[in-house]
Amino acid sequence: MNHTGLADIWGLSVILVMLLLLVRTFLLSAPGYINVYEQTGLSRIHWLNELVRLLTRRWVLFSIKVLFAAFFLLIIAAGLFGTPIPERNIATVATWTYWWTGIIISVFFLGSAWCAVCPWDSIATWLTRRKIWGRSADNTSLNLRVPRVFKKIWPAVFLFIFLTWLELGVGITIDPYATAVLALAVVVATTISLAVYERKAFCQYACPVGRTVGVYSQMAALAVGPVDQDICASCKTLECYHGNKDFEPCPTNLVIGKSRQSAYCTSCGACIQSCPHKNVTWKLYALGKGVLSDIKVRPDEAWFVLILLTLTVFHGLTMLQAWEDAVYLLARWINDSGQLLTSFSILLGLTIVIPAVVYGLTILILKKSLNAGVSYSRLFSSYALSLLPLAFAYHIAHNLSHLFREGKGIINILKNPFGFNTLPMTMAEKHERHMTLAVPEPLIFSLQAGIMIFGFWLALKVIVQRGQYTSTAPGEMKNWQLLPVFLFVFMVNGFNLWLLMQPMAMRM
């Protein structure tokens, strides 16, 4: 059974707005740098300040971690010992319908807060530190330095591709047992990393979920930051970085007063609690603070954004009837049989390579049109940031459909999480769930359309900002000189919109 795609009238409306935004941006002169670091401390909003103070108390944060860890262990147990029927087992339903969608949506409102309560990290930390409260002794880990060759996020890039292959190629989304084994494998990897390397190397360099949350959090308006920058500048002890006798050091090597982006902040709250000056808190920033800043983007970070975009779109492609036809056509051509993993892998590779090649050619054309002394590598890395809003927008819009159309019945799943004595969902049940939505369908369409417009609007702003940042003469840069990148993001968002308008197969 298929989901209904975004209605044509909504799709055409989005295209019209995209054209108007593009023309408007084209006609405007470049505005120069945008100050996205103007901030409002939550301390100025009394009720919100009190809520944040409550949530960042040690016992509250610890309690939330325990709850998430307990639920995670329930998912493991259900996957290993419960029914193999995916739609009746909480392991597959909670993981692939609610969890992934939920944390991506939460990023917009809460930044990287998921990382603060991540059960993988909590369980691994308790196992390796042999302590569940306060700072542990340094001798609980070998505390080796991470080799320089791994001090990039390339491991997260390759793990992201591998997990996508497992998810869609091997089909672990419909296998509760495999879902549980994968979750356990991540805990093992996190534990080994904590036992061998200093701080939290897996979270910083290898976790594909953490890096996805991290890069997406650059578009959130909420992040940890200093109350008074001057106090941070004069601080000599740097408890936010080193920790103290009660609190661990920053897990991802950040000095909060010097940090210019939130991509590597795990929102653990250690800096808030350890700062002797009480100078660290949650801050409200301008929307899109990270992607609209003048931060330098490394090649590995640029490739992660590019891979994130392509794999997000890839998830949508695999739910089309045309995709299934393409897999069978290729399988017959190369004489592939069985699970058709070879055919799937080839098409997955092409889905990654083709957009990367087109983007690379776009940057090459841009470099020639600018005729400025800026390296190709810098342009490639810098403008990749403009693809992040497009990935984020499609990611949320696509998953909203699954959440509202497949999310019903969670109460019954919670009553019987292991799915004992259940039968597969009948066609009548699937039809009823498909037709009886959690919210009215026009509301789903309006949310999807609005998100797609937001992503494109922010992408245009990023391109303009990147143009000023990479230009050798920022004051003389005109928006029309960035035409190749404007056309590329228009094409990408247009394709994502078309994909959103197609009927798609239900997950389970």
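Rules used throughout
Residues numbered from 1 in each chain as written. Predicted model: local features only at pLDDT ≥ 70, side-chain atom pairs only at ≥ 80, totals over all residues. Heavy atoms only, no water. Helix = DSSP H or I, 4+ residues; strand = E, 2+ residues; numbered from the N terminus. Buried < 20%, exposed > 50% of the residue type's maximum accessible area, 1.4 Å probe, protein only. Contact = heavy atoms within 4.5 Å. Areas by Shrake-Rupley, 256 points an atom, 1.4 Å probe, with all protein chains shown as cover. Patch = residues over 30% accessible without salt bridge, like charges linked within 9 Å, V, L, I, M, F, W, Y side chains within 5 Å. Salt bridge = Lys/Arg side-chain N within 4 Å of Asp/Glu carboxyl O. Lys, Arg positive; Asp, Glu negative; His and termini not counted. Charge placed at Lys NZ, Arg CZ, Asp CG, Glu CD. Phe/Tyr/Trp six-rings, centres within 6.5 Å; stacked < 30°, edge-to-face > 60°. Lys NZ or Arg CZ within 6 Å of the ring centre and 35° of its normal. Expected span 1.5 Å × (residues − 1). Axes fitted to C-alpha atoms, helices over the stretch in contact; angles between N-to-C directions. Parallel < 35°, antiparallel > 145°, perpendicular 65-115°, else oblique. Left-handed = near helix turned anticlockwise from the far one by under 90°. Nonpolar A, V, L, I, M, F, W, Y, C, P; charged D, E, K, R; others polar.

Enquirer: An account of the overall build of the protein is requested, with residue identities and associated values reported.
Expert: The helix and strand inventory of the protein stands at 22 helices and five strands. Residue burial in the protein is summarised as follows: out of 508 residues, 54% are buried. Long-range pairs, those at least 24 residues apart, make up 85% of the contacts in the protein with a sequence separation of at least 6. Of the accessible surface of the protein, which amounts to about 23100 Å², a share of 67% is contributed by carbon and sulfur atoms.

Enquirer: Which residues make up the environment of Leu 311, and what values do they have?
Expert: Relative to the helices and strands, Leu 311 is located in helix H14 (residues 299-317). Since its relative accessible area comes to 0%, Leu 311 is described here as buried. Each C-alpha atom of the pair Leu 311 and Trp 165 lies 9.9 Å from the other, and the pair is 146 residues apart in sequence. Discounting chain neighbours no more than four positions away, the residues touching Leu 311 are Phe 160, Ile 161, Thr 164, Leu 348 and Ile 352.

Enquirer: How would you sum up a positive patch on the surface? Please name residues and give values.
Expert: A cluster of basic residues, Arg 148, Lys 151, Lys 152, Lys 296 and Arg 378, forms a positive patch on the protein surface. Among the structural elements, Lys 151 can be located in the loop between helix H6 (119-129) and helix H7 (154-170). Looking at Lys 151, the relative accessible area reads 34%, which means it is partly exposed.

Enquirer: Can you break down the pattern of salt bridges residue by residue, with the values?
Expert: Scanning the entire structure with this criterion turns up four salt bridges. Of the charged contacts, one joins Asp 121 and Lys 200 as a salt bridge, the two residues approaching to 2.8 Å between their closest N and O atoms. Taken together, the residues span a long stretch of sequence, with Asp 121 in helix H6 and Lys 200 in the loop between helix H8 (176-196) and helix H9 (201-206) at a distance of 79 residues. We classify Asp 121 as buried; its relative accessible area is 9%. Between Arg 298 and Glu 301 there is a salt bridge, with the nearest N and O atoms lying 3.4 Å from each other. A relative accessible area of 25% means that Arg 298 is categorised as partly exposed. Among the residues examined, Glu 301 registers a relative accessible area of 11% and is labelled buried.

Enquirer: Kindly report on the side chain of Thr 179, identifying the contributing residues and their values.
Expert: Looking at where Thr 179 falls in the secondary structure, it is placed in helix H8. Thr 179 has contacts with Ala 91, Thr 92, Thr 95, Trp 96 and Ile 172, leaving out every residue within four places of it along the chain.

Enquirer: So what about a nonpolar patch on the surface? Which residues, and what values?
Expert: Taken together, the side chains of Trp 333, Ile 334, Ile 346, Leu 350, Ile 354, Val 358 and Met 491 present a nonpolar region at the surface, about 680 Å² in accessible area. For the nonpolar patch, the elements supplying multiple residues, two or more each, are helix H15 (321-334) and helix H16 (341-370). With four residues, the top contributor of residues to the nonpolar patch is H16. Residue placement: Met 491 occurs in helix H22 (residues 483-500). A relative accessible area of 45% places Met 491 in the partly exposed class.

Enquirer: A description of H6 should follow, citing residues and the corresponding values.
Expert: Summarising burial for H6: nine of the eleven residues are buried, a large majority. Every buried residue of H6 is accounted for by Pro 119, Trp 120, Asp 121, Ser 122, Ile 123, Ala 124, Thr 125, Thr 128 and Arg 129. Against the buried residues of H6 lie helix H3 (58-81), helix H4 (90-110), helix H5 (113-116), H8, H9 and helix H10 (208-216). At the C-terminal side of H6, Arg 130 shows a positive phi close to 55 degrees.

Enquirer: With reference to specific residues and values, describe the packing of aromatic side chains.
Expert: For the structure shown, the criterion picks out 23 aromatic pairs. An aromatic cluster is present here, built from Phe 108, Phe 109, Tyr 216, Phe 392, Phe 454 and Trp 457 joined pairwise through their rings. The ring of Tyr 241 has Arg 199 lying over it, and the distance from NZ or CZ to the ring centre is 4.2 Å.

Enquirer: Talk me through H22; I want residue IDs and the actual numbers.
Expert: Over its 18 residues, H22 extends 26 Å from the first C-alpha to the last, a length consistent with the 26 Å expected when each residue adds 1.5 Å. Within the sequence span of H22, burial applies to Pro 484, Val 485, Phe 486, Phe 488, Val 489, Val 492, Asn 493, Asn 496, Leu 497, Leu 499 and Leu 500.

Enquirer: Give me the packing of H16 against helix H17 (residues 376-383): which residues, what numbers.
Expert: Their axes nearest at 10 Å, the elements H16 and H17 cross at an angle of 120 degrees. Considered as vectors, H16 and H17 are oriented oblique to each other. Between H16 and H17 the crossing geometry is right-handed. Contact residues: Tyr 359, Gly 360, Ile 363, Leu 364, Leu 366, Lys 367 and Leu 370 in H16; Tyr 376, Leu 379, Phe 380 and Tyr 383 in H17. Looking at the contact of H16 with H17 residue by residue, the classes come out as nine nonpolar, one polar and one charged.

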